[in-house]
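Summary of structural features
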Amino acid sequence: MKLATISAEEFNLQAYTEPNASIYQSTYYADYMIKNDYRPLFLSYNNDLNVSTALAMLLIKKKSLFFSKYSAYAPKGYLINYYDTEMLKQFNYDLAIFLKHEKVDTLIIEPDLPLKDHEYLIFSLENLGYQKTKSLYSYELNVQTYKPIRINRNIILDIKTITEPEIAETYKAKEEAELYHAFEKYVVTYEASLDSYRTKLSFKNSIEDHEDYILSHQGDYKFREKIEERKAALDNDKYLLKCIDEYEKAYGVNPALGICCMLDYSGRHSHLFTLLKDSNDPLGIDKLLLNYIVNEQKRKEVDIIYSQTELPNSERVELLGEFTLNI
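Here is a short report on the structure shown in this document. (Residues numbered from 1 in each chain as written. Predicted model: local features only at pLDDT ≥ 70, side-chain atom pairs only at ≥ 80, totals over all residues. Heavy atoms only, no water.)

Here the focus is the packing of aromatic side chains. Considering all chains together, one arrives at 15 aromatic pairs under this definition. Aromatic side chains Tyr45 and Phe91 sit 5.2 Å apart centroid to centroid with 75° between the ring planes, which places their arrangement in the edge-to-face category. Taken together, the residues span a long stretch of sequence, with Tyr45 in strand 2 (residues 39-46) and Phe91 in helix 3 (residues 85-101) at a distance of 46 residues. Phe91 carries the same exposure label as Tyr45, and that label is buried. Centre to centre, the rings of Tyr78 and Tyr82 are 6.5 Å apart; their planes meet at 20°, and the pair counts as stacked. Each member of the aromatic cluster is reached from another via a ring pair, and the members are Tyr16, Tyr28, Tyr186 and Tyr265. Lying across the ring of Tyr306, Arg268 places its NZ or CZ 3.9 Å from the centre. (Phe/Tyr/Trp six-rings, centres within 6.5 Å; stacked < 30°, edge-to-face > 60°. Helix = DSSP H or I, 4+ residues; strand = E, 2+ residues; numbered from the N terminus. Buried < 20%, exposed > 50% of the residue type's maximum accessible area, 1.4 Å probe, protein only. Lys NZ or Arg CZ within 6 Å of the ring centre and 35° of its normal.)

So this is what it looks like as structure tokens:
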């Protein structure tokens, strides 16, 4: 077995074909991390027939301006069969020797595996000298069992896919803009715009209906509870209608109020981020976007949407964790 550096292009071609490969194990993420002074290394572990049996993308960074030692970080871990203990042991041994020559004395990995059903691997890694240094989590949304989140029925959106969203300019989100441009090849962006005329008309009709009901039944004690419910709904409708007027003043008619960027990489469908014009989001734009996207994924027969952050109705999954090896 031999550990060898390979080109970014060759690494991407091989990594993309691996089952459940993550875009965070790609050169696209490496390009994003370069701005934080990381230097990428792309490694292949080849057998005697020169066939790759494992891949690793390492991000190397100097620990301090005053020291000559470096740390290495493998986001989402290695692309390797962790259950092949002999190969894992030999790979780890050869990798440690290689990294010593690179003046690396600390290696951090984050295997992208759920703790459930893979807990045994903790002992395998500990036997190789790794120490668990942090608990990590991800989120999974089951597309097939997802129940749409109920939002005020008067809100009418026009949701469509767009290209080249002006993330930094429109949403003042520099980090998200850089991440988008790093992953752009695999990103689908959904934009939610308010249908101003139809939404305002629907709210005005709803307000009129509540007021007529309250006026017609306010003298009958049997409707006391229902009237209180109607008054609360009336106040909410008036508040949301006021919010829409404010959005129109700020952004014009039919304003775009939010975007959601989704990743489609190596057969894995993931939520990248959602950005809103109003972080308070009284209209529930983020939830309506999610309802729409889940329906789209269901139509495409996708089973799971993965996310680094929590989504409504998603399940938190504990991962194997972060492991550190002192070399």
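So that's the structure; there's more coming.
Here Asn142 lies in strand 7 (residues 137-142). Note on Asn142: relative accessible area 33%, which makes it partly exposed. With 171 residues separating them along the chain, Asn142 and Asn313 place their C-alpha atoms 8.5 Å apart. Residues in contact with Asn142, not counting those within four places in the same chain, are Asp303 and Ile304. (Contact = heavy atoms within 4.5 Å.)

Attention now goes to the layout of surface pockets. Each pocket or cavity is described by its volume, and for the largest pocket that value is around 720 Å³. Along its surface, the largest pocket is lined by 35 residues, and Asn20, Ser22, Asp112, Leu113 and Arg268 are the ones closest to its centre. Elements with a contribution of two residues or more to the lining of the largest pocket: strand 7, strand 10 (256-265), strand 11 (268-276) and strand 12 (304-307). Here the lining of the largest pocket is built from residues that sort into 19 nonpolar, 11 polar and five charged. Computed from the structure, the second largest pocket encloses a volume of approximately 200 Å³. As for the second largest pocket, its lining consists of Tyr24, Tyr29, Tyr73, Pro75, Lys76, Glu110, Pro111, Leu136, Tyr137, Gln308, Leu319 and Gly321. Considered class by class, the residues forming the lining of the second largest pocket number eight nonpolar, two polar and two charged. (1 Å grid on protein atoms, 1.4 Å probe; cavity = no way out; pocket = protein on both sides within 12 Å on 5 of 7 lines; lining within 4 Å. Points joined across faces, edges and corners; volume = space filled by probe spheres on them. Nonpolar A, V, L, I, M, F, W, Y, C, P; charged D, E, K, R; others polar.)

As for its placement among the helices and strands, Ser270 is situated in strand 11. Take Ser270: its relative accessible area is 13%, and that puts it in the buried class. With sequence-adjacent residues up to four places away left out, Ser270 is seen in contact with Met262, Leu263, Ile305 and Tyr306.

With that out of the way, let us pick up the pattern of salt bridges. Tallied over the entire structure, the rule returns 16 salt bridges. Two residues, Lys35 and Glu178, come together in a salt bridge whose shortest N-O distance is 3.5 Å. Linking Lys35 in the loop between helix 2 (27-33) and strand 2 with Glu178 in helix 6 (residues 174-183), this pair joins segments that are 143 residues apart in sequence. Note on Glu178: relative accessible area 25%, which makes it partly exposed. In this structure, Glu102 engages Arg39 in a salt bridge whose closest nitrogen and oxygen atoms are separated by 3.4 Å. In this pair, Glu102 sits in the loop between helix 3 and strand 5 (104-109) while Arg39 sits in strand 2, placing the two residues 63 residues apart along the sequence. One continuous salt-bridge network, built from bridges that share partners, spans Lys35, Glu175 and Glu178. (Salt bridge = Lys/Arg side-chain N within 4 Å of Asp/Glu carboxyl O.)

The next subject is the sheet that holds strand 8 (residues 157-162). Sheet architecture is open: seven strands sit in the order 8-9-10-11-12-7-13, paired in mixed fashion. Strands with a single pairing partner mark the edges of an open sheet, and in this sheet they are strand 8 and strand 13 (315-318). Strand-to-strand twist in this sheet, taken as the mean axis angle between neighbours without regard to direction, amounts to 30°. Two strands pair when backbone bridges link them, and strand 7 and strand 13 are joined in this way by four bridges, in the antiparallel orientation. Looking at strand 13, one finds that Ser138 is bridged to Val317. (Pairing = 2+ DSSP bridges. Axes fitted to C-alpha atoms, helices over the stretch in contact; angles between N-to-C directions.)

Remember, this is a structural readout, not a statement about activity or role.
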